[in-house]
Amino acid sequence: MKSPFQMISDAFQPRYRVNFSIDKPDGSILLTLSDDNGAAVKRYIAPGQWKDREKLQRLIASLSATLAIEQGDTSAHAVQALRNARSSHSLQA
C-alpha cells in the first residue's frame, strides 16, 4: 500500500513540486504545490485526512479541481468535481 504522501506526490508530479512540512503540534501537515510561478496551493492536511484513504482521495480530487479552475478550466467536469469534493467534505464535518 502506498503512503499518503506518495499518493499526493504521484497525483501532482511532474506538473508541480510537492513539499510537505510538519507544521502544527496536532500532526497537521502543510502541503505546498508549486510551479515555476511560485506556490500554486498551500493547504493544511489534518491527520484525519491523510490517514484515511477515502478522505485523502477527496482531498486530491478537490485540489485537482481547484487547480484546474484556477488555470481557467471552467468545464462542467472540473466544476462538478470541486462541488462533489466540497459537499462530501461538509457531510463529514
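For clarity, every value in this text was computed on a predicted model and none was experimentally measured.

Visitor: Break down the environment of L30 for me, citing the residues and quoting the values.
Guide: Along the chain, the position of L30 falls in strand β2 (residues 29-35). On the basis of relative accessibility, which here comes to 15%, the residue L30 falls in the buried class. Sequence separation between L30 and Y44 is 14 residues, and the spatial gap between their C-alpha atoms is 4.5 Å. Non-local contacts of L30, meaning those with residues more than four positions away in its chain, are made with N19, F20, S21, D23, K42, R43 and Y44.

Visitor: Quick rundown of the packing of aromatic side chains? Include the residues and the values.
Guide: Enumeration over the complete set of coordinates arrives at 2 aromatic pairs. Seen from their ring centres, F5 and F20 are 5.1 Å apart, and the 75 degrees between their planes marks the pair as edge-to-face. Placement of F5 in helix α1 (residues 4-12) and of F20 in strand β1 (residues 17-22) is noted, with a sequence separation of 15 residues between them. Residue classification places F5 among the partly exposed residues on the basis of a relative accessible area of 27%. According to the relative accessible area criterion, F20 is partly exposed, its value standing at 25%. When the ring of F5 is compared with that of W50, the centres are 5.1 Å apart and the planes differ by 40 degrees; the resulting orientation is tilted. One end of the pair, F5, is in helix α1; the other, W50, is in helix α2 (residues 47-50), and 45 residues separate them in sequence. Feature note: the residues F5, F20 and W50 constitute an aromatic cluster, connected by ring pairs. If you follow K24 out to its NZ or CZ, it ends over the ring of Y44, 4.3 Å from the centre.

Visitor: Could you give an account of the confidence of the model for the protein, naming the residues involved and the relevant values?
Guide: Across the protein, the average pLDDT comes to 80, with 76% of residues at 70 or higher. Within the protein, no element has a lower average pLDDT than helix α4 (residues 76-92), which sits at 53, and none a higher one than α1, at 93. Counting interchain partners and residues more than four positions distant, the pLDDT-below-50 stretch residues 89-93 has 3 contacts.

Visitor: Can you explain the sheet that holds β1? Please cite residues and give values.
Guide: Sheet architecture is open: 3 strands sit in the order β1-β2-β3, paired in antiparallel fashion. Either end of the sheet is taken by a strand with one partner, and the two such strands are β1 and β3 (38-45). In this sheet, adjacent strand axes meet at a mean angle of 20 degrees when their direction is disregarded. In the sheet, β1 pairs with β2 via 6 bridges, with the strands oriented antiparallel. Residue pairing for β2: I22 is matched across the bridge by I29. The sheet strands contacting helix α3 (residues 53-70) are β2 and β3, and the helix crosses β3 at an angle near 155 degrees.

About the cut-offs
- Residues numbered from 1 in each chain as written.
- Predicted model: local features only at pLDDT ≥ 70, side-chain atom pairs only at ≥ 80, totals over all residues.
- Heavy atoms only, no water.
- Helix = DSSP H or I, 4+ residues; strand = E, 2+ residues; numbered from the N terminus.
- Buried < 20%, exposed > 50% of the residue type's maximum accessible area, 1.4 Å probe, protein only.
- Contact = heavy atoms within 4.5 Å.
- Phe/Tyr/Trp six-rings, centres within 6.5 Å; stacked < 30°, edge-to-face > 60°.
- Lys NZ or Arg CZ within 6 Å of the ring centre and 35° of its normal.
- pLDDT = per-residue confidence, 0-100.
- Pairing = 2+ DSSP bridges.
- Axes fitted to C-alpha atoms, helices over the stretch in contact; angles between N-to-C directions.

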